[in-house]
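# A look at the structure
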Amino acid sequence: KKITLSVIKADVGGFVGHSGVHPELVKKACEELDASPLLIDHHVTYVGDDINLILTHELGCNNEDIRRLARNILSACTEVAKKLKLCGAGQDLLSDAFAGNIKGLGPGVAEMEIEERKSETVIILMADKTGAGAWNLPLYKIFADPFNTTGLIIDPNMHCGFNFEVYDLVEKKKINFAAPEEIYDMLVFIGAPGRFVIKHVYHRGTGEIAAVSSAQPLYRVAGRYVGKDDPVCIVRCQTGYPSLGEVLEAFSHPHLVAGWLRGSHIGPLLPVEVKDAHPVRFDGPPRVIALGFQLAGGKLVGPQDMFADPAFDNARQVALDIADYMRRMGPFEPHRLHLDEMEYTTMPQVMRKLKDRFIDLPEDRETGT
Ligand code: F6R
Ligand code: MG
Ligand code: MG
């Protein structure tokens, strides 16, 4: 029998500001999930202002009943958030919610249908204040970089490598790359994580799913591309897949990601335990949590809070130092995102106001003084 693991998340209201999830929302989600006959098991967690529903069932991916259940639960949480007047109540579900300028895009989803192995280890990565492209670098390291994942070299069950499915979020296309042979071609694309995002990774020997992210094509709104932020990713571990440690090792180097305050800055991805998943400094820096589970007949045995390990203290310190360094640049690129990528902008208004004050430069460059 096949088990589906679905992680469905949304920001339906922040507490306080956009830094956290109110306990009443978690309570509401748990109550509703307890009452559902569709599920084998569930776990509710949060990172920053995002509530994450981790669900197991036998209904497969893209199942309408599961999606409806999640949406109904997140709507019920929205009602609680409205009553408490939380920040941006219902922002991912309601197009009229008051928060930022990207609203109502719906919940984010990552799911995989699997035949449970004799021992099925999974890690669920969840991030706040960044987008799905944030997984590109760690997924590359985990599944294609032998300096991160020694198993690619010395484990006979992994030596064949992995296939990467990459989405072009703008053109709404997908392409497969075989690692290691095609990594140079692949890196041309995934090195630009604002547009090309790893959606699935597959084991090349078995063809089985190894990882899935919540990447989704961007929407074109008022001449700009916008998308769902605050991504999740499910990674299978052990026996033929990277070990738990090889998955988490990819976060020992806090790489720079797009997001942070007003989704308009670059900053380091800080690995934290759930208790520290409250981005506050300049609404950040962006952070990631990792929950580990053993699946047993679809039961979620766990979680273990994976970054609750002092061995990540150094990575955290490096991330904090980078945050200090980046912050000194204030509103200047590359700390502030490129004009086309910012979630908030006043450029059209300011341009409109000042357009008559712009004077043409002479055509002749020699006299252009
Ligand atoms: C970014 C985020 C916050 C808000 C910022 C402004 O993802 O959640 O940085 O963008 O606090 O929020 P509003 O627009 O509600 O004032
Ligand atoms: Mg938010
Ligand atoms: Mg968020």
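On a predicted model such as this, the values are computed, not experimentally measured, just so you know.

Rules used throughout
- Residues numbered from 1 in each chain as written.
- Chains lettered and ligands numbered in written order.
- Predicted model: local features only at pLDDT ≥ 70, side-chain atom pairs only at ≥ 80, totals over all residues.
- Heavy atoms only, no water.
- Axes fitted to C-alpha atoms, helices over the stretch in contact; angles between N-to-C directions.
- Helix = DSSP H or I, 4+ residues; strand = E, 2+ residues; numbered from the N terminus.
- Parallel < 35°, antiparallel > 145°, perpendicular 65-115°, else oblique.
- Left-handed = near helix turned anticlockwise from the far one by under 90°.
- Contact = heavy atoms within 4.5 Å.
- Nonpolar A, V, L, I, M, F, W, Y, C, P; charged D, E, K, R; others polar.
- Donors = N, O, S within 2.8 Å, 3.2 Å for Na, K, Ca; no water.
- Buried < 20%, exposed > 50% of the residue type's maximum accessible area, 1.4 Å probe, protein only.
- Domains from an automatic or database assignment.
- Buried area = accessible area lost by both parts, 1.4 Å probe.
- Salt bridge = Lys/Arg side-chain N within 4 Å of Asp/Glu carboxyl O.
- Polar contact = N/O pair within 3.5 Å; in protein donor to acceptor, adjacent residues only side chain to side chain.
- Core = buried A, V, L, I, M, F, W, Y, C linked by side-chain atoms within 4.5 Å.
- Expected span 1.5 Å × (residues − 1).
- Arc of directions from axis to C-beta.
- Pairing = 2+ DSSP bridges.

## Some points on the packing of helix 3 (residues 136–144) against helix 5 (residues 183–190)
Their axes nearest at 11 Å, the elements helix 3 and helix 5 cross at an angle of 165°. Considering the angle they form, helix 3 stands roughly antiparallel to helix 5. The handedness of the crossing between helix 3 and helix 5 is right-handed. Residues Asn 136, Tyr 140 and Ala 144 of helix 3 lie in contact with helix 5, whose contacting residues are Ile 183, Met 186, Leu 187 and Ile 190. A class-by-class count of the residues in the contact of helix 3 with helix 5 yields six nonpolar, one polar and no charged.

## Brief notes about the coordination of the magnesium ion (ligand 3)
Think of it this way: four donors in a tetrahedron around the metal ideally sit 109.5 degrees apart, and six in an octahedron ideally sit 90 or 180 degrees apart. Around the magnesium ion (ligand 3), the protein supplies Asp 49 (OD), Asp 50 (OD), Asp 128 (OD) and Asp 230 (OD) as donor atoms, at distances of 2.0 to 2.2 Å. All donors of the magnesium ion (ligand 3) belong to a single chain; written as a sequence motif, their spacing is D-D-x77-D-x101-D. Residue class for Asp 128 comes out buried when judged on its relative accessible area of 0%.

## With respect to the coordination of the magnesium ion (ligand 2)
Note on the magnesium ion (ligand 2): its protein donors are Asp 11 (OD) and Asp 49 (OD). The metal-donor distances range over 2.2 Å. Between the magnesium ion (ligand 2) and the magnesium ion (ligand 3) the interatomic distance amounts to 3.3 Å, and Asp 49 serves as a bridging ligand to the pair. Taken together, the residues span a long stretch of sequence, with Asp 11 in the loop between strand 1 (2–10) and helix 1 (23–34) and Asp 49 in the loop between strand 2 (41–47) and strand 3 (50–57) at a distance of 38 residues. Each member of the pair, Asp 11 together with Asp 49, is buried.

## Structural notes on the domain arrangement of the chain
Parsing the chain into structural domains produces domain 1 (1–115) and domain 2 (118–338). Here the C-alpha centroids of domain 1 and domain 2 sit 21 Å apart. Listed per partner, the contact involves 34 residues of domain 1 and 39 residues of domain 2. The three residues of domain 1 that bury the most area against domain 2 are Val 47, Leu 105 and Met 112, which together make up 20% of that side's buried surface. On the surface where domain 1 and domain 2 come into contact, there are one salt bridge. Lys 129 serves as the salt-bridge partner of Asp 49, at 3.3 Å between the closest nitrogen and oxygen. Our count for the domain 1 to domain 2 interface comes out at eight residue pairs in polar contact (both at pLDDT 80 or more). Mapped onto the side of domain 1 that touches domain 2, the elements with two or more residues apiece are strand 1, strand 2, strand 3 and strand 4 (108–115).

## Describing the nonpolar core
With 50 residues, the main nonpolar core has Leu 25, Ile 51, Leu 53 and Ile 54 as its most contacted residues. Ranked by residues supplied to this core, first place goes to helix 2 (residues 64–83) with eight residues. A domain split of this core shows at least three residues from each of domain 1 (1–115) and domain 2 (118–338). Counting residues in each nonpolar core, the second largest holds 41 residues, with Ala 134, Ala 144, Phe 162 and Ala 211 among its members.

## Things to note about helix 1
Here helix 1 is 12 residues long and its end C-alpha atoms lie 16 Å apart, about the 16 Å a rise of 1.5 Å per residue gives. For helix 1, the full list of buried residues reads Leu 25, Val 26, Ala 29 and Leu 33. Across the axial projection of helix 1, the buried residues extend over an arc of 100°, all falling on one side. Exposed positions of helix 1 whose direction lies more than 90 degrees from the buried face are Pro 23 and Asp 34. Along its buried surface, helix 1 packs onto strand 2, strand 3 and helix 2.

## A closer look at the pairing of strand 6 (residues 162–168)
Of all seven residues in strand 6, six are buried; the element is thus mostly enclosed. With seven bridges joining them, strand 6 and strand 7 (residues 173–179) adopt antiparallel strand pairing. Bridge pairing in strand 7 links Tyr 167 to Lys 174. Counting the residues that bridge the hairpin from strand 6 to strand 7 gives four residues, and of these Lys 172 lies at a positive phi of roughly 55°. When strand 6 meets strand 8 (residues 196–203), the two strands line up antiparallel, connected through seven bridges.

## A look at the pattern of salt bridges
By the definition in use, this model includes 20 salt bridges. In this structure, the salt-bridge partner of Glu 32 is Lys 28, at a minimum N-O distance of 3.6 Å. In this pair, Glu 32 and Lys 28 both sit in helix 1, four residues apart, roughly one turn of the helix. The partner of Lys 82 in a salt bridge is Glu 79, with the nearest N and O atoms 3.7 Å apart. One end of the pair, Lys 82, and the other, Glu 79, are both in helix 2, three residues apart, so they sit about a helical turn from each other. One network of salt bridges, with partners in common, ties together Arg 117, Glu 120, Glu 208 and Arg 236.

## With respect to unusual backbone geometry
The omega angle of the peptide bond from Ala 179 to Pro 180 is 15°, so this bond is cis rather than trans. As for its placement among the helices and strands, Pro 180 is situated in the loop between strand 7 and helix 5. Pro 334 follows Glu 333 through a cis peptide bond whose omega is 5°. Relative to the elements of secondary structure, Pro 334 occurs in the loop between helix 7 (313–327) and helix 8 (347–354). The phi torsion at Lys 129 lies on the positive side, around 70°, for a residue other than glycine. Its place among the elements puts Lys 129 in the loop between strand 5 (120–128) and helix 3. Take Lys 129: its relative accessible area is 10%, and that puts it in the buried class.

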